[in-house]
Amino acid sequence: MSDFSLRGKEALGIEFGSTRIKAVLVDENCNPLASGSHDWENRLENGIWTYHIDDIWNGLQDAYKNLNNEVFNKCGMHIATLSSIGFSAMMHGYMPFDKDGILLTPFRTWRNTITSKASEELTKLFNFNIPQRWSISHLYQAILNDEEHISDISYLTTLAGYVHWKLTGKKVLGIGEASGMFPIDSSINNYDEDKLDKFSSLDNVKKYPWRIREILPKVLLAGDDAGVLTQEGALLLDPSGVLKPGIPLCPPEGDAGTGMVATNAVSERTGNISAGTSIFSMVVLDEMLEKVYEEIDMVTTPTGKPVAMVHCNNCCTDLDYWVNLFIQFSKLSGIDLSKPQIYDMLYNCALDGDADCGGVINYNYFSGEPVTKAEQGRPLFVRSEDADFNLSNFMRSQIYSTMATLKIGMEILEKEHVKIDCLTGHGGLFKTPVVGQKLMAGAMNAPIAVMETAGEGGAWGIAVLARYAVDKKGETLEEYLNANVFSKYKSTTIEPDDKDVCGFEKYMKLYKKGLAVEKSAADNL
């Protein structure tokens, strides 16, 4: 990013991640110009992972203010108008509103694993995997629980849809985000009509005054008109009043969709791995899977193409806690090392570890993990008395644990003979050069690419979708990304090392056996 002049052709992308709200400003060619962020964290209240409504709006305004300050420092002006804006957020979850727009329950995030009965019953009803974190699972579980608020529901949406609604007045969602609410039929690029009918016909659903078709957001594709920033919306985003209303917004998307855009993985046989607080892989299919698998979510690209998604609730959270111990030790010892330096040192140390971690195993389950049917999380580090316990093996095991559960899901795609030309990695796990990329290539036994843009993440991805919405000129999203965005960026690809592949397979055998220990820890601690 360098100094620039505001021209009104810039696009703004803002993404609500699990630990950070990030805003990115791009020029008309999608080059990043400035960024701002706000750190936040979910709360565990009454057994529910949640964020407060005030957290959402205070965080949004702070991230935008920090972006605006950087813009002013670079060009001496504050943002007054833009070509377009886009919002994205962590997918799924549950935000039901009454007719007056009042949230009826605390926001239930994707991290909650409290809908197992609903998930199981709906999967059987639809013959289609309905994960616990999907909005329809949360809704049906609330119905099974006979929760008082159900009768008052007028609108059901996700975090991205909520923010977009309040800034534009439009109750819409991008199709990729909508596919985390209710199953999508890619032949019509809308909610699956047969499944809507099946849900509506349930006896314990029919007794309520609303119908599922009435309370879900309207589905839009990338590039569709999703409304404009209202006067009230402009003040919600920028309380200073400088930002003008009337700016077009693109359809709001989930972090899965923006991750696909940010890694140019929206065409058949492409895929990506997003590794941050959670970890998930997205593979765009050229043929549908033959069977229904609990471990595989069927979602879509922002243009409606079917995608096989393996989503795991836990990735870097536990790893970050361990690294923080070393940061504390560094301060205690008086050694002047920055946080990035310590991360890089520890990550690179992992490359010196045994390929199988020498019998050292780590479980990073900070919360429950549906893929392995772990209802609760208990971070757990385990080793036998004869394990080769050293810092390199310890750190390698920490990194392996971020991708171990993902591997269990990806093994299903291998058995289904799903064709993947390459997987592109992005997110915090790939910030240190080579390490995460090399170990992931061995774990997945597939080439892993990392682009120059990997550090920009989903906020940049939704900014690109915002530019596409006003600049597509008849191009498909794939054509637009290839011609206007990624042609100028370099990427590096690491092929799997046979030693890493064999070592990770050995690690996984021990890891799977030890899952009983992890579940026992949750039951007894």
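Residues numbered from 1 in each chain as written. Predicted model: local features only at pLDDT ≥ 70, side-chain atom pairs only at ≥ 80, totals over all residues. Heavy atoms only, no water.

Q: So, the overall build of the protein: which residues are in play, and what are the values?
A: Along the backbone of the protein there are 17 helices and 22 strands. Computed over C-alpha atoms, the radius of gyration of the protein comes to 22 Å, within 12% of the 24 Å expected from 2.2 N^0.38 for 525 residues, which places it in the range of a compact globule. Over its C-alpha atoms, taken along the principal directions, the protein stretches across nearly 65 × 60 × 45 Å. For the protein, with 525 residues in total, the buried portion stands at 61%. Side-chain charges in the protein split into 49 positive and 70 negative, and the spacing between the mean points of these groups amounts to 1 Å. (Helix = DSSP H or I, 4+ residues; strand = E, 2+ residues; numbered from the N terminus. Rg over C-alpha atoms; globule rule 2.2 N^0.38 Å. Buried < 20%, exposed > 50% of the residue type's maximum accessible area, 1.4 Å probe, protein only. Lys, Arg positive; Asp, Glu negative; His and termini not counted. Charge placed at Lys NZ, Arg CZ, Asp CG, Glu CD.)

Q: Break down the packing of aromatic side chains for me, citing the residues and quoting the values.
A: Evaluated as defined, the whole model comprises 30 aromatic pairs. Consider the rings of F97 and W165, whose centres lie 5.0 Å apart with planes at 80°: the pair is edge-to-face. Of this pair, F97 sits in strand β7 (residues 95–97) while W165 is found in helix α4 (residues 159–168), placing the two residues 68 residues apart along the sequence. Both residues of the pair, F97 and W165, count as buried. Among the aromatic residues, those joined into a ring-pair cluster are Y363, Y365, Y400, F504, Y507 and Y511. Sitting above the plane of the W49 ring, R111 keeps its charged end 5.1 Å from the centroid. The lysine or arginine in question, K166, covers the ring of W165, its NZ or CZ lying 4.2 Å from the ring centre. (Phe/Tyr/Trp six-rings, centres within 6.5 Å; stacked < 30°, edge-to-face > 60°. Lys NZ or Arg CZ within 6 Å of the ring centre and 35° of its normal.)

Q: I'd like to hear about helix α3 (residues 135–144), residue by residue, with values.
A: Burial of α3 is extensive: nine of the ten residues sit out of reach of the surface. Elements in contact with the buried residues of α3: α2 (116–126), β8 (155–157), α6 (193–200), α7 (203–206) and α8 (212–215). Following α3 by one or two positions, D146 has its phi on the positive side, about 55°. (Contact = heavy atoms within 4.5 Å.)

Q: Mind laying out the sheet that holds strand β13 (residues 253–254), listing which residues take part and the relevant values?
A: Read from one edge to the other, the open sheet built from five strands follows the order β3-β2-β1-β6-β13, with strand pairing classed as mixed. Of all the strands in the sheet, the pair left with one neighbour each is β3 (32–39) and β13. Across two bridges, strand β6 (residues 84–89) lies against β13 in parallel orientation. Note that in β13 the partner of S88 across the bridge is E253. In this fold helix α1 (residues 53–75) packs onto β1 (11–16), β2 (20–26), β3 and β6, with an angle of close to 145° to the strand it touches most, β3. (Pairing = 2+ DSSP bridges. Axes fitted to C-alpha atoms, helices over the stretch in contact; angles between N-to-C directions.)

Q: An account of the sheet that holds strand β21 (residues 448–451) is needed here, citing residue identities and associated values.
A: Within the open sheet, the seven strands sit side by side as β16-β17-β15-β14-β20-β21-β22. Their pairing is mixed. Of all strands in the sheet, those with a lone pairing partner are β16 (297–300) and β22 (491–494), marking the two edges. Within this sheet the neighbouring strands show an average axis-to-axis angle of 30°, counted without direction. Helix α10 (residues 255–262) contacts β14 (270–275), β15 (279–284), β16, β17 (306–312), β20 (422–426) and β21 of the sheet and is inclined by roughly 65° relative to β15. This element, helix α13 (residues 391–415), spans β14, β15, β17 and β20 of the sheet and lies at about 25° to β15.

Q: Residue-level account of the nonpolar core, with values.
A: Generally speaking, a soluble globular protein has its nonpolar side chains buried in company with each other. The biggest cluster of nonpolar side chains holds 125 residues, and the ones touching the most others in it are L139, F199, W210, L429 and Y511. In terms of residue count, α13 provides more of this core than any other element does, eleven residues in total. One finds L33, W57, A63 and I247 within the second-largest nonpolar core, a separate group that totals 43 residues. (Core = buried A, V, L, I, M, F, W, Y, C linked by side-chain atoms within 4.5 Å.)

Q: Could you give an account of a nonpolar patch on the surface, naming the residues involved and the relevant values?
A: On the surface, a nonpolar cluster with roughly 270 Å² of combined accessible area is contributed by I335, L337 and M345. Checked against the element boundaries, L337 lands in the loop between α11 (317–333) and α12 (339–350). (Patch = residues over 30% accessible without salt bridge, like charges linked within 9 Å, V, L, I, M, F, W, Y side chains within 5 Å. Areas by Shrake-Rupley, 256 points an atom, 1.4 Å probe, with all protein chains shown as cover. Salt bridge = Lys/Arg side-chain N within 4 Å of Asp/Glu carboxyl O.)

Q: Give me the pattern of salt bridges: which residues, what numbers.
A: Taken as a whole and assessed by the stated rule, the structure comprises 23 salt bridges. In this structure, R43 and D55 form a salt bridge, with 3.0 Å as the shortest nitrogen-oxygen distance. Placement of the pair is R43 in strand β4 (residues 43–45) and D55 in helix α1, with a sequence separation of twelve residues. Classification of R43 as partly exposed rests on a relative accessible area of 32%. On the basis of relative accessible area, D55 is assigned to the buried category, the value being 17%. Residue E121 is joined to K117 by a salt bridge in which the shortest nitrogen-to-oxygen separation is 3.0 Å. A residue pair is termed a helical-turn pair when its members lie 3 or 4 positions apart in one helix, as E121 and K117 do in helix α2 at four residues.

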